[in-house]
Amino acid sequence: KKEYSGPSVVSYKLDGRKAIHLNIPAYRCYGSGDVTVIITVNNQGQVVNAKVMGMVSSSDKCLRDYSIRAARMSRFSASNTAPHNQTGEILYRFIAQ
């Protein structure tokens, strides 16, 4: 059975908010590449929606699935002044070894 491993690098953009917990996906896929996930965050800092930005992301389904799962588990600072459903993005970079 072939082993797979490699680091996952994560960065985000969400105006006026800080990351409380950025979930880093376990490297479980054979591919490598970047996946950008568009997130919607509520006032409490919870990710309420996440979808892959298809045009700029790897087409690898495994990478996309793990990125969506990690994005949904991420948390950001709460804000009463932010829009109720604020949009941002998280970039996951999977580097194969």
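Rules of the game
- Residues numbered from 1 in each chain as written.
- Predicted model: local features only at pLDDT ≥ 70, side-chain atom pairs only at ≥ 80, totals over all residues.
- Heavy atoms only, no water.
- Salt bridge = Lys/Arg side-chain N within 4 Å of Asp/Glu carboxyl O.
- Helix = DSSP H or I, 4+ residues; strand = E, 2+ residues; numbered from the N terminus.
- Buried < 20%, exposed > 50% of the residue type's maximum accessible area, 1.4 Å probe, protein only.
- Pairing = 2+ DSSP bridges.
- Axes fitted to C-alpha atoms, helices over the stretch in contact; angles between N-to-C directions.
- Contact = heavy atoms within 4.5 Å.
- Core = buried A, V, L, I, M, F, W, Y, C linked by side-chain atoms within 4.5 Å.
- Phe/Tyr/Trp six-rings, centres within 6.5 Å; stacked < 30°, edge-to-face > 60°.
- Lys NZ or Arg CZ within 6 Å of the ring centre and 35° of its normal.

## Examining the pattern of salt bridges
1) Next: Counted according to the given criterion, the structure contains 2 salt bridges.
2) Next: Residue Lys-61 pairs with Asp-65 through a salt bridge whose shortest N-O separation is 2.8 Å. You can see Lys-61 and its partner Asp-65 sitting in helix H1 (residues 61-73), 4 residues apart, about one turn around the helix.
3) Next: Look at Lys-61 and you get exposed, because its relative accessible area is 58%.

## Examining the sheet that holds strand E4 (residues 47-52)
1) Next: Strand order across the open sheet formed by 4 strands is E1-E6-E3-E4, with antiparallel pairing between neighbours. Every interior strand has two partners, whereas the edge strands, strand E1 (8-13) and E4, have only one. In this sheet, adjacent strand axes meet at a mean angle of 25 degrees when their direction is disregarded.
2) Next: Packed onto the sheet, H1 meets strand E3 (33-41), E4 and strand E6 (86-94) and runs at close to 165 degrees relative to E4.

## Details of the environment of Gln-46
1) Next: Of note, Gln-46 is situated in the loop between E3 and E4.
2) Next: Distance in space between the C-alpha atoms of Gln-46 and Ser-8 is 22 Å, their sequence separation being 38 residues.
3) Next: With near-sequence residues (within four places) excluded, Gln-46 lies in contact with Thr-40, Val-41 and Arg-75.

## With respect to the nonpolar core
1) Next: In terms of nonpolar packing, the biggest core is built from 16 residues, with Val-37, Ile-39, Ala-50, Ala-71, Phe-76 and Tyr-92 touching the most fellow members.
2) Next: Elements with a minimum of two residues in this core: E3, E4, H1 and E6.
3) Next: Among residues more than four places away in sequence, those in contact with Tyr-92 are Val-9, Val-10, Asn-23, Pro-25, Gly-33, Asp-34, Val-35, Val-37, Ser-67, Ala-70, Ala-71 and Ser-74.

## Concerning the packing of aromatic side chains
1) Next: Taken as a whole and judged by the stated rule, the model has 1 aromatic pair.
2) Next: The ring of Tyr-66 has Arg-69 sitting right over it, with the charged end atom 5.0 Å from the ring centre.

## Some remarks on the pairing of E3
1) Next: Of all 9 residues making up E3, 7 are buried, and the element is well covered by its neighbours.
2) Next: Looking at chain direction, E3 and E6 are connected through 9 bridges and run antiparallel. Among the inter-strand pairings, Asp-34 is bridged to a residue of E6, identified as Arg-93.
3) Next: Two strands pair when backbone bridges link them, and E3 and E4 are joined in this way by 5 bridges, in the antiparallel orientation. Residue Val-41 lies in a different strand from E4, and its bridge partner there is Val-47.
4) Next: Here E3 folds back onto E4, and the loop between the two strands holds 5 residues, one of which, Gly-45, carries a positive phi near 95 degrees.

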